[in-house]
Amino acid sequence: MATRAAQRRAGLYVDGEWREPETGGTIEVADLAAGGSFARVAAADPAAARDALAAANATEPELRQTTIVERARWCEAIADGIRERREELAEVIVREAGKPISSARGEVEQAADRFDRAAEEARNVVSKGEYREGSTPGHEGWEAIVKHEPVGTVLCITPYNYPLATTALQVAPALAAGNAVVCKPASNTPVSAAILAEVIDETAALPAGAFNFVPGEAREIGDVLAGDDRVNAIAMTGSSGAGKHVARESGIVTLHLELGGNAPAIVFEDADLADVAGNCAKGAVKYAGQRCSAVSRVLAHESVHDELVDALEAELDAWPVGDLFEEETALGPLISPEQADWVETLVDDAVEKGADLIRGGERRAPEGVPDDLADQFVEPTLLANVPHDARIVHEEQFGPIAAVTTFEDEAEALEIANGSDLALDAAVFTSDYDRAMRVADRVDAGAVRINGAPSHGLGDIPFGGNRDSGIGREGIDAAIHELMRTKSIVL
């Protein structure tokens, strides 16, 4: 295990300066690699949250005057700054998020790449307006320029599971579009975002107030931020319940919400089952299943259910739990004991309703794990013959579970797949091209992967949810479009 970094303390970053809140306390950040805590981050109070909004609002006119070239250079400088601190950031992600070191390094590089891509897309997207001529009676000879402009102030509410990469996915497009940003990170994982704030402060010549960092408990500052009239857009990644609350509080603003998922993987009888097993195992248990795009339920044709379960059981052996700083470790703890409680609840419900527990299902920590972390480890779990009325078929898991249920025909597969209020991602496995396209068209989801597990990657392709899974689409260029508005200037 790597040596623990010196105890970090981070403050708030408001109006271009680091500061402490007048009445707020601190957030103790748990060390999911070594136990105890490894950092303290200032907890913003409502006054500090309002100060951040005021600073962002005040700098909007100056930001509107910045050029595409300037904004692209900011993003490129931030990308370089992230890479200069890659090892420090990777260690922080391991500790605060409980992510294996190999995955943490990949997240750091992805965050840097997202700022680079935002610079590229700013040049491609923002610079392309339109020229139009009047084409209706009474408007002959009218000419208009349709141009893009920033929406104003963007509130970024980021999740714990990808604390740096998702923050980059929100902040980079917002800055590239010329907006001011107020960033509120997840309270479990605020340290990587604090380092990003340091990078922005030290490397990018942003106007004061263009980027503000206000960590804090949602119950203290969440509604203060989301309900303020100075916010013009909210970019959020989180649970469906939290997203609905933000939507109720926010009023008339642009909402860009990526929320809960319960991705079905539909496996037909002609699919390559070895390939399916590898993809579904990874899709289900990577980062202990704490991903909105995780394969939450495997819908297997009844003729291949048993064979697929056997193949999945073998694949789960390739996901060892261990020291998060060892390269071969694939899985770590869940983010909290409460999350482990939730996973246990879903497994127990499925078994009580008739599912077969093939493996796992227990809380079992590897040797040497500190006592205060032992309750957060859930074994990679495989459930077979899961009844369609089990909660795990309809609700978000965020745990290392592969839950396999069956269907008789294509119509029933679609009925089960579309039977949840969550509609973020899905996958279809078949060797029949026509069926793959037909099912992909009929599955209610923001993105469907054919013969592969759902994955959002860098953000080249727009992604986002339908129904309770969100509003809008993420991805670098998609987010830039979401965080800008058009103005028509009629000549």
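Given the structure is predicted, the values throughout are model-derived calculations rather than measurements. (Residues numbered from 1 in each chain as written. Predicted model: local features only at pLDDT ≥ 70, side-chain atom pairs only at ≥ 80, totals over all residues. Heavy atoms only, no water.)

**Description of the overall build of the protein**
Selection rule: Think of it this way: any DSSP run of H or I at least four residues long counts as a helix, any run of E at least two long counts as a strand, and we number them from the N terminus. Put simply, the radius of gyration uses C-alpha atoms, and a globule should come to 2.2 Å times the residue count raised to 0.38. Each residue is placed in one exposure class: buried if its accessible area under a 1.4 Å probe, protein chains only, is under 20% of its type's maximum, exposed if it is over 50%, and partly exposed if it falls in between. In this analysis, two residues are considered to be in contact whenever any of their non-hydrogen atoms come within 4.5 Å of each other. Accessibility throughout is a Shrake-Rupley quantity obtained with a 1.4 Å probe, and a residue counts as covered only by protein chains that appear here. Note that His is not counted, nor are the chain ends; the positive residues are Lys and Arg, and the negative ones are Asp and Glu. Charge positions are represented by NZ for Lys, CZ for Arg, CG for Asp and CD for Glu.
The secondary structure content of the protein amounts to 14 helices and 23 strands. Against the 2.2 N^0.38 benchmark of 23 Å for 491 residues, the protein shows a C-alpha radius of gyration of 23 Å, consistent with a compact globule. Counting only C-alpha atoms and orienting by the principal axes, one finds that the protein spans roughly 65 × 65 × 35 Å. Among the 491 residues that make up the protein, the fraction classed as buried is 57%. In the protein, the proportion of contacts linking residues at least 24 apart, taken out of those at least 6 apart, comes to 74%. Accessible surface computed for the protein: about 19,000 Å², of which carbon and sulfur atoms make up 46%. Here the protein contributes 43 positively and 86 negatively charged side chains, and the mean placements of these two sets differ by 5 Å.

**A look at the pairing of strand β20 (residues 447-450)**
Along any regular strand, the residues point their side chains to alternate faces of the sheet. To keep things clear, this is the line we draw: Strands qualify as paired when DSSP identifies two bridges or more between them. If the strands point away from the viewer and the path from the first strand over the helix to the second runs clockwise, then the crossover is right-handed.
With four bridges connecting them, strand β19 (residues 425-429) and β20 associate as parallel partners. Among the inter-strand pairings, Ala427 is bridged to a residue of β20, identified as Arg449. In this fold, the crossover linking β19 to β20 by way of helix α13 (residues 433-442) has right-handed handedness.

**Notes on the side chain of Arg114**
Keep this limit in mind: Salt bridges are identified by distance alone: a Lys or Arg side-chain nitrogen within 4 Å of an Asp or Glu carboxyl oxygen.
Inspection of the secondary structure puts Arg114 in helix α4 (residues 101-126). The side chain of Arg114 is buried and forms no salt bridge, while Glu474, the nearest opposite charge, is found at 7.0 Å. When residues no more than four places from it in sequence are discounted, the contact partners of Arg114 are Ala165, Thr166, Ala168, Leu169, Ala172, Gly457, Leu458, Gly459 and Ile476.

**With respect to the nonpolar core**
Going by this rule: Put simply, buried Ala, Val, Leu, Ile, Met, Phe, Trp, Tyr and Cys residues joined by side-chain atoms within 4.5 Å make one nonpolar core. Note: domain ranges come from an automatic or database domain assignment.
Judged by nonpolar contacts, the single largest core of 103 residues is most densely connected at Ile78, Ile82, Phe115, Phe211 and Ile234. If you tally residues by element for this core, the top one is α4, at 11 residues. Of the residues that make up this core, three or more belong to each of domain 1 (9-259 + 469-490) and domain 2 (263-450). Setting aside anything within four residues of it in sequence, one finds Ile234 in contact with Leu155, Ile157, Ala226, Val246, Ser250, Val253, Thr254, Leu255, His256 and Leu257.

**Some remarks on the environment of Gly243**
Of note, Gly243 is situated in helix α8 (residues 240-250). For Gly243, a relative accessible area of 1% gives the class buried. In this structure, the C-alpha to C-alpha distance between Gly243 and Leu257, residues 14 residues apart in sequence, is 6.7 Å. For Gly243, the residues in contact, after removing those within four places along its chain, are Met236, Leu257 and Leu259.

**Description of the packing of aromatic side chains**
Note the following rule: Planes of paired rings set the category: under 30 degrees apart is stacked, over 60 is edge-to-face and the rest tilted, where pairs are Phe, Tyr or Trp rings (Trp by its six-membered ring) whose centres lie within 6.5 Å. In this scheme, Lys NZ or Arg CZ marks a charge over a ring once it lies within 6 Å of the ring centre and within 35 degrees of the ring normal.
Enumeration according to the criterion identifies five aromatic pairs in this entry. A centroid spacing of 5.0 Å and a plane angle of 50° characterise the contact between Tyr13 and Trp18, whose relative ring orientation is tilted. Residue classification places Trp18 among the partly exposed residues on the basis of a relative accessible area of 34%. Ring geometry for Tyr13 and Phe211: centres 6.5 Å apart, planes at 35°, overall tilted. Highlighted residues: Tyr13 in strand β2 (residues 12-14) and Phe211 in strand β10 (residues 211-213), separated in sequence by 198 residues. An identical accessibility class is assigned to Tyr13 and Phe211; each is buried. One aromatic cluster in this structure is built from Tyr13, Trp18 and Phe211. When the ring centre of Tyr287 is taken as reference, the NZ or CZ atom of Lys99 above it lies at 4.5 Å.

**Topic: a negative patch on the surface**
Stated formally: Within the patch definition used here, like charges are joined within 9 Å and nonpolar side chains (Val, Leu, Ile, Met, Phe, Trp, Tyr) within 5 Å, considering only residues with over 30% relative accessible area and no salt bridge.
A grouping of Asp306, Glu307, Asp310 and Glu313 is seen on the molecular surface, where their side chains present a negatively charged patch. Of note, Asp306 is situated in helix α10 (residues 305-315). When its relative accessible area of 55% is taken as the criterion, Asp306 is described as exposed.

**A word on the sheet that holds strand β7 (residues 143-150)**
Keep this limit in mind: For every element, the axis is a line fit to its C-alpha atoms; helices are fit only across the contacting stretch, and the angle between N-to-C directions ranges from 0 to 180 degrees.
Pairing in this open sheet of three strands is antiparallel, and the strands run β6-β7-β23 from one edge to the other. Each end of this open sheet is capped by a strand with a single partner; those strands are β6 (130-133) and β23 (484-490). Strand-to-strand twist of the sheet, defined as the mean angle between neighbouring strand axes without regard to direction, takes the value 30°. As paired elements, β7 and β23 share seven bridges and run antiparallel to each other. Paired with Val146 across the two strands is Ser488, which belongs to β23.

**Remarks on the sheet that holds strand β17 (residues 401-407)**
As summarised here, the arrangement of the seven strands in space is β15-β16-β17-β14-β13-β19-β20, forming an open sheet in which the pairing is mixed. Of all strands in the sheet, those bounded by a partner on one side alone are β15 (356-359) and β20. Ignoring strand direction, the axes of neighbouring strands in this sheet form an average angle of 20°. One ladder, built from three bridges, connects strand β13 (residues 263-267) with β19; its direction is parallel. Bridge pairing links Val267 to Phe429 in β19. Sitting on the sheet, helix α11 (residues 337-352) is in contact with β15, β16 (381-384) and β17, with an inclination near 25° to β16.

**Let's talk about the environment of Thr67**
Checked against the element boundaries, Thr67 lands in the loop between α1 (46-64) and α2 (68-84). In this structure, the C-alpha to C-alpha distance between Thr67 and Gln339, residues 272 residues apart in sequence, is 45 Å.

**Section: the packing of helix α9 (residues 273-285) against α10**
We count it as follows: Geometric relationships in this document are graded by angle, where less than 35 degrees denotes roughly parallel, more than 145 denotes roughly antiparallel, 65 to 115 denotes roughly perpendicular, and other angles denote oblique. Helix crossings get a hand from a simple test, with the near helix turned counterclockwise from the far one by less than a right angle marking a left-handed crossing and a clockwise turn marking a right-handed one.
Here α9 crosses α10 at 50°, and the two axes come no closer than 9 Å. The angle between α9 and α10 places the two elements in the oblique class. Seen from above, α9 lies across α10 with right-handed handedness. Contact with α9, carried on its side by Leu273, Val276, Ala277, Gly278, Cys280 and Ala281, involves Glu307, Leu308, Ala311, Leu312 and Glu315 of α10 and no other residues of that element.

**A closer look at the confidence of the model for the protein**
Which entries qualify depends on this criterion: pLDDT expresses how confident the predictor is about each individual residue, on a scale running from 0 to 100.
Scored by pLDDT, the protein has a mean of 94; 98% of the residues are at 70 or more. Under a pLDDT of 50 for its full length, residues 1-6 has, in the predicted model, 19 contacts with residues more than four places off or in other chains.

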